Structure formats: C-alpha cells, structure tokens
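# A look at the structure
The primary structure of each chain is shown beneath.
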Protein chains: 2
Amino acid sequence: MKYTKYNKSLDYSYTLGITLTIELIKKHKEDLLDIYYSTSFNGESKTLIDSYCKDLNITPIVSDKIFNILSNKENIFVIGVFKKFYNKINNNTNHICLVNPSNAGNLGTILRTASGFGIENIAIITPSVDLFDPKTIRASMGAIFNLNVTLYENFQDYLNSFKNYNIYTFMLQAKTKLHETKFLKPFTLVFGNEATGLDKSYLDYNSVIIKHNNSIDSLNLPIATSIAIYEATKSNF
Amino acid sequence: MKYTKYNKSLDYSYTLGITLTIELIKKHKEDLLDIYYSTSFNGESKTLIDSYCKDLNITPIVSDKIFNILSNKENIFVIGVFKKFYNKINNNTNHICLVNPSNAGNLGTILRTASGFGIENIAIITPSVDLFDPKTIRASMGAIFNLNVTLYENFQDYLNSFKNYNIYTFMLQAKTKLHETKFLKPFTLVFGNEATGLDKSYLDYNSVIIKHNNSIDSLNLPIATSIAIYEATKSNF
C-alpha cells in the first residue's frame with residue numbers, strides 16, 4: 001500500500017471518519033491525496049462523498065486494508081489522506097499562542113473552540129505535540145482545516161513577528177482577573193503547557209488569572225483556554 | 001484477590017494514582033476500603049501516603065497483582081479502593097444538571113470545573129455514563145470527592161425536588177446569549193447529551209445560547225458547560 005501507519009515524520013496525515021473527511025474536502029481540497037472507502041460503506045453519506053469526489057475528479061479507493069492499519073477497532077468507513085499544509089498566521093486579526101502543548105486531544109479541542117469564536121491564527125511554540133496527529137485532527141472536529149497555524153522555536157521569535165500585538169498571558173500567579181481584563185486589539189492570548197503552565201518570565205506581559213477556589217489545583221488546559229477565548233471575543237457575538 | 005476489574009455493577013471503585021488517592025483519603029476517608037502500593041513505590045509520595053494511612057489506622061497492601069489488572073500499561077504506584085457514595089444534593093446553593101451525559105472523560109472534566117467554580121451540587125438525569133468509572137474519577141482529578149451528586153430518572157423528578165430554582169437550559173435553538181443572561185439565584189444550569197443536546201421541550205425554561213460562528217457545528221460539551229459555569233459564577237471570584 002502507498003500509505004503507512006501514521007507517524008510524525010510523514011509528510012501526509014489522515015482524516016478518520018465521514019465528518020472529518022468532508023471538512024477536508026470542503027476546506028483543503030488542494031491538499032487532498034486520496035479518499036478510501038471501506039467495502040461496507042454505503043447510504044446517504046456515501047452518496048454525498050461520491051458527489052464531492054466526482055466534482056474533484058477523484059476516484060475513491062475501495063479497500064479495507066488501510067482501515068485495518070489505521071482505525072483502532074472503531075467503526076470508520078471513510079479515510080481521507082492529505083498533504084500536511086502550513087498556512088502562515090497573519091496580522092489581520094487576533095491570535096492564540098500555545099507554549100509547548102503536549103496532548104493531542106487538548107490541542108484539537110482548543111483549535112475547535114478557537115475556530116468557533118473566530119480566532120483563526122494560532123502560534124505554537126515548540127516542542128509541541130504533533131499538530132497533524134490524527135488524534136489532534138479528530139479532537140478538532142475538522143476545525144484544523146479552517147485555521148492558520150505557525151510553529152515557532154521560541155516565544156521571542158513569535159514576538160518579533162508581531163510587535164504591535166497586546167500580549168495577555170494566562171497564569172495562576174497573575175493578579176488581574178479575567179473578567180476584569182480589557183482586551184485591546186490586536187491581542188494574543190498565551191497559554192502554557194498542561195503540566196507546567198507558563199514560567200515567571202511571562203509575568204512581564206499583561207498577565208491574567210481565571211480565578212477559581214482551592215478545591216482544585218487548576219482548570220484543565222482546553223477549559224481554561226476556551227473560557228479565556230470566550231471572554232475575549234464575546235462582544236463579537 | 002478481594003477486588004476485580006472495574007464494572008458498573010460493583011459497589012466499589014478505584015482511584016488510580018497518587019493524586020487521586022490522596023484526594024480520596026482527605027475527603028472521603030469514611031468510604032475508604034483499602035490502599036494498594038506497587039512493589040516499586042517509594043520516595044516522598046510514599047512517605048506522605050504512609051503518614052495518612054498511619055493516621056487512619058490502615059495498613060497499605062503491597063502487591064503488584066491489582067496493578068496488572070487495573071492499570072492499562074500506565075505507570076501507577078498507588079491504588080485506592082472505596083465504597084461508592086451517594087451524597088444527596090441540597091438546596092443551599094446553585095446546581096448543574098446534566099441530562100444523559102455519555103462520556104466518562106467529559107463528565108469528569110465537568111465535575112472538575114464545577115468544583116473549581118464553587119458549584120458543589122450536581123444532578124444527573126439517567127441514562128448516564130457511570131459516575132464512578134475510574135475514567136470519570138481520573139478526569140475529575142479527584143473533584144468528585146468534593147461534590148454531592150444525585151441521579152434522577154427524569155428531569156421532572158429533579159424539578160419536583162427544587163421548585164424554587166431558576167432553570168437555565170443551554171441549547172443551540174435558544175435566543176438569549178450567554179453574556180446577556182442575568183442569572184437569578186438559586187439557579188440550575190442544564191446541559192444535554194454530547195450528541196443530541198437538549199430537546200425542544202427545554203425551550204420552555206430560560207434557554208441560553210453560547211454564540212459561535214458557523215465554522216464549527218458546536219462546542220464540545222465540557223467546553224460549553226465550563227464557559228457557562230464561568231459566566232454564571234464569575235462575580236463570586
């Protein structure tokens with residue numbers, strides 16, 4: 001077979017399932033390499049994807065082999081294969097910056113919320129979990145195909161490219177409460193790693209805390225990130 | 001061995017790992033049945049748990065057997081066994097009501113946020129994912145031990161017990177935006193199932209929408225729930 005079990009070094013990745021594959025076709029057809037159908041795929045969804053494929057002049061490959069390799073006992077009937085893409089973030093709008101995110105499900109969930117609240121430019125400071133891991137794509141529910149994501153080796157590199165941005169860093173040591181923060185545009189909301197958060201050097205920016213009681217140590221990362229994005233963007237909705 | 005692989009019908013469950021077991025000991029010692037140490041457990045955490053056990057007159061059982069049965073290749077050194085507990089929700093404070101939640105990780109994450117924002121009474125309308133599934137407990141990061149949770153067979157049963165509560169139902173068909181909603185106390189925030197949300201009958205209450213753009217179909221359930229809890233409670237922090 002042309003394709004192999006996913007690993008980070010490949011220059012392609014997969015959408016596992018109908019919904020994700022439709023998002024891929026709709027939003028990133030230029031990066032589409034192949035569509036696979038399982039031999040038991042049929043019904044309305046098949047008719048829909050058939051018509052997309054026809055429009056794109058793509059012939060779906062019917063074979064169960066790739067499903068045995070890629071899907072973990074899940075009921076998946078369609079797989080899309082796509083070339084990894086890199087859309088540079090731009091300076092037209094607000095940003096999120098994730099410093100060393102380490103969990104694929106969390107990263108995908110954050111991308112989904114960001115897209116929903118209209119933040120389409122995401123900076124990621126490496127080392128980071130793999131953006132194109134099928135688990136990230138799954139958790140994003142396809143939102144990854146709406147977004148520009150750029151990786152930076154360190155936070156300073158990001159700052160150098162976006163000098164006019166108002167930087168808001170989310171950390172438990174901050175003094176200003178989220179609901180008392182005024183977000184000046186264009187802004188960047190910066191979040192740390194799941195286990196360690198942001199280090200003290202990030203207190204030099206507009207640092208913000210999402211206050212909670214001490215019955216828990218912290219909020220989970222996608223929860224904290226999503227609450228912050230909601231608060232910073234809610235006046236747009 | 002006294003204990004078996006977890007299933008819903010057992011009257012006990014497990015905390016897998018140091019942090020969760022410490023939360024169990026601190027907050028629900030009356031329900032503690034046993035503590036297991038793996039043979040390779042040592043260091044500071046062991047000293048700490050040793051001292052808790054001494055105070056409680058419990059002798060930890062050192063054996064790798066239970067770890068082989070319960071932990072999925074993870075590095076776990078401590079397991080707590082506890083009797084499932086049922087603390088009735090009370091009418092002193094605000095509530096969350098989850099209608100048919102279906103995912104253990106999601107339920108646990110919601111419990112964690114609820115506890116952090118001071119909502120300690122949770123109603124769950126069955127059918128529901130198992131509250132005491134070790135995956136729920138893990139995702140709650142131990143917050144389950146701070147909370148009162150009561151299961152109801154239907155929403156009407158819940159309402160009958162809390163007639164004076166102001167009911168806010170979160171649904172995509174609602175008209176009032178979350179950030180324009182005034183939450184009158186005592187309140188109940190009601191959320192539907194992951195796949196189906198709340199049905200139309202819930203529009204009869206104060207229905208609320210968390211507005212987002214149409215690049216995504218919906219927010220993920222713990223994200224939506226957490227944003228709502230944040231907004232409804234932020235003035236307390």
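Residues numbered from 1 in each chain as written. Chains lettered and ligands numbered in written order. Predicted model: local features only at pLDDT ≥ 70, side-chain atom pairs only at ≥ 80, totals over all residues. Heavy atoms only, no water.

### Remarks on the environment of His179(A)
Tracing the sequence through the fold places His179(A) in the loop between β9 (176-177) and β10 (187-191). Placed 52 residues apart in sequence, His179(A) and Glu231(A) show a C-alpha to C-alpha distance of 7.2 Å. Apart from the residues lying within four places of it in its own chain, the contact partners of His179(A) are Glu231(A), Tyr230(B), Lys234(B) and Phe237(B). At 3.4 Å, the side chain of His179(A) and the backbone oxygen of Lys234(B) are in polar contact. (Helix = DSSP H or I, 4+ residues; strand = E, 2+ residues; numbered from the N terminus. Contact = heavy atoms within 4.5 Å. Polar contact = N/O pair within 3.5 Å; in protein donor to acceptor, adjacent residues only side chain to side chain.)

### Concerning the environment of Asn146(B)
Along the chain, the position of Asn146(B) falls in the loop between α5 (134-140) and β7 (148-152). With a relative accessible area of 18%, Asn146(B) lands in the buried category. Along the sequence, Asn146(B) and Ser115(B) sit 31 residues apart, while their C-alpha atoms lie 6.9 Å from each other. Leaving out residues up to four positions away in the same chain, Asn146(B) has contacts with Ser215(A), Lys27(B), Ser115(B) and Glu120(B). A polar side-chain atom of Asn146(B) sits 2.9 Å from a polar atom in the side chain of Lys27(B). (Buried < 20%, exposed > 50% of the residue type's maximum accessible area, 1.4 Å probe, protein only.)

### What to know about the sheet that holds strand β4 (residues 78-83) of chain B
Residues and elements named next belong to chain B. Spatial strand order, β1-β4-β2-β3: 4 strands in an open sheet with mixed pairing. For this open sheet the edge positions go to β1 (12-16) and β3 (61-62), each flanked by a neighbour on one side alone. Judged from the 2 bridges that link them, strand β2 (residues 32-37) and β3 form a sheet pairing that is parallel. In the strand pairing of β3, tyrosine 36 is matched with isoleucine 61. (Pairing = 2+ DSSP bridges.)

### Looking at the relation of the copies chain B and chain A
In the superposition of chain B on chain A (RMSD 0.0 Å, axial shift 0.0 Å), the rotation amounts to 180°. Such a turn and shift between the copies fits a two-fold axis. In this assembly the copies share their binding face: 100% of the residues contributing to the interface of chain B also contribute to that of chain A. (Least-squares fit on C-alpha atoms with pLDDT ≥ 70 in both.)

### Description of the layout of surface pockets
All names here are of chain B. The space that makes up the second largest pocket amounts to roughly 660 Å³. Taken together, 27 residues make up the lining of the second largest pocket; nearest its centre are Asn193, Glu194, Ser218, Leu219 and Leu221. For the lining of the second largest pocket, the secondary structure elements donating two or more residues are β11 (206-209) and α7 (221-233). Taken together, the residues that form the lining of the second largest pocket break down as 13 nonpolar, 11 polar and 3 charged. (1 Å grid on protein atoms, 1.4 Å probe; cavity = no way out; pocket = protein on both sides within 12 Å on 5 of 7 lines; lining within 4 Å. Points joined across faces, edges and corners; volume = space filled by probe spheres on them. Nonpolar A, V, L, I, M, F, W, Y, C, P; charged D, E, K, R; others polar.)

### Concerning the domain arrangement of chain A
All names here are of chain A. By the assigned domains, chain A splits into domain 1 (12-83) and domain 2 (95-236). Here domain 1 and domain 2 have C-alpha centroids that lie 31 Å from each other. Taken together, the contacts link 12 residues of domain 1 with 8 residues of domain 2. When domain 1 packs against domain 2, the two sides together hide about 930 Å² of surface, and 65% of this comes from carbon and sulfur. Where domain 1 touches domain 2, the interface holds 0 salt bridges. Where domain 1 packs against domain 2, one counts 3 residue pairs in polar contact (both at pLDDT 80 or more). Here the side of domain 1 that touches domain 2 is composed, by residue class, of 6 nonpolar, 3 polar and 3 charged. (Domains from an automatic or database assignment. Buried area = accessible area lost by both parts, 1.4 Å probe. Salt bridge = Lys/Arg side-chain N within 4 Å of Asp/Glu carboxyl O.)

### A look at the pattern of salt bridges
All names here are of chain A. Per the stated rule, a full pass over the model turns up 12 salt bridges over all chains. For the salt bridge of lysine 46 with aspartate 50, the shortest nitrogen-to-oxygen distance reads 3.1 Å. Of this pair, lysine 46 and aspartate 50 both sit in helix α2 (residues 44-56), separated by 4 residues, roughly a single helical turn. A relative accessible area of 25% means that lysine 46 is categorised as partly exposed.

### Let's talk about the interface of chain B and chain A
In this complex, chain B contributes 30 residues to the contact, which on the side of chain A involves 30 residues. Summed over both partners, the interface of chain B with chain A buries about 2,600 Å², with 60% contributed by carbon and sulfur atoms. Looking at the side of chain B facing chain A, the largest losses of area belong to Arg112(B), Tyr230(B) and Phe237(B), adding up to 23% of the total buried there. Taken together, the links from chain B to chain A amount to 2 salt bridges.

### Observations concerning the nonpolar core
Formed by 131 residues in total, the largest nonpolar core has its most connected members in Tyr14(A), Phe170(A), Tyr14(B) and Phe170(B). Not counting chain neighbours up to four residues away, the residues in contact with Tyr14(B) comprise Tyr3(B), Thr4(B), Tyr6(B), Ile66(B), Leu70(B), Ile79(B), Gly80(B), Val81(B), Phe82(B), Pro134(B) and Ile137(B). (Core = buried A, V, L, I, M, F, W, Y, C linked by side-chain atoms within 4.5 Å.)

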